[in-house]
Amino acid sequence: LPRVRARLPAMQLHLVGADAPPEILALAGTPGLVVHGAVDELEPLLDACLASLAPLRFGAGVKGKISQALARGLPVLATTCAAEGMHLRDGEDVLLADTADAFADAVLRLHEDAALWARLREGGYANTQRWFSPEAARATLLPWLASLQDK
């Protein structure tokens, strides 16, 4: 955040999520940082942001917050770990970064490159529709359910 704010002093980082540990809650009041905690309606916040950041260090499978942002048409910056299992392509559907400096560079790049922002918005949304939409689930589940009926 300090590296980003050195170039973009008005930039804000919104931390969202229930049950934040004390060391995160202690950051409230840091210039440019807004600690929300749990949010009942995330969509208005997603609609007001440049991107969603997912700096996960561990995890498996589909990440709900990444899918939610992509389905809303919000570009995502994520660690390689965060993007695993989601069919995401760096520079097309998502920006991948695995260090603090790389994350800061990606935020600055996304802020300054409208074509990149639009490409990630379109690619991320298309990825979500292709792999994680109700239609994609239906196309996978209906044949499987039909096969169970035949047994």
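The structure this text deals with has already been given above.
K.L.:
Honestly, the overall build of the protein in this entry has me stumped. Any pointers?
P.N.:
A count of helices and strands for the protein gives 8 helices and 5 strands. Starting at the N terminus, the α and β elements of the protein follow one another as α-β-α-β-α-β-α-β-α-β-α-α-α. Its C-alpha atoms give the protein principal-axis dimensions of roughly 60 × 35 × 25 Å. Looking at the protein as a whole, 32% of its 151 residues are labelled buried. Within the protein, contacts between residues at least 6 apart in sequence are counted, and of these 53% link residues at least 24 apart. Accessible area for the protein stands at about 9100 Å²; split by element, carbon and sulfur atoms hold 58% of it.

K.L.:
Where do I start with the sheet that holds strand β3 (residues 52-54) in this structure?
P.N.:
Strand pairing within a sheet occurs via backbone hydrogen bonds; the two strands may be parallel or antiparallel. Spatially, 3 strands are ordered β3-β4-β5 in an open sheet, and the strand pairing comes out parallel. Strand pairing shows two members of the sheet lacking a second neighbour, β3 and β5 (95-96), which therefore form its edges. Here β3 runs beside strand β4 (residues 76-78); their pairing, made up of 3 bridges, is parallel. Residue pairing in the sheet places A54 in a bridge with A78 of β4. Sheet strands touched by helix α4 (residues 64-71): β3 and β4. Its angle to β4, the strand with the most contacts, is close to 155°. Helix α6 (residues 100-112) rests against β3, β4 and β5 of the sheet, and its axis sits at about 165° to β4.

Basis of the calculations
- Residues numbered from 1 in each chain as written.
- Predicted model: local features only at pLDDT ≥ 70, side-chain atom pairs only at ≥ 80, totals over all residues.
- Heavy atoms only, no water.
- Helix = DSSP H or I, 4+ residues; strand = E, 2+ residues; numbered from the N terminus.
- Buried < 20%, exposed > 50% of the residue type's maximum accessible area, 1.4 Å probe, protein only.
- Contact = heavy atoms within 4.5 Å.
- Areas by Shrake-Rupley, 256 points an atom, 1.4 Å probe, with all protein chains shown as cover.
- Pairing = 2+ DSSP bridges.
- Axes fitted to C-alpha atoms, helices over the stretch in contact; angles between N-to-C directions.

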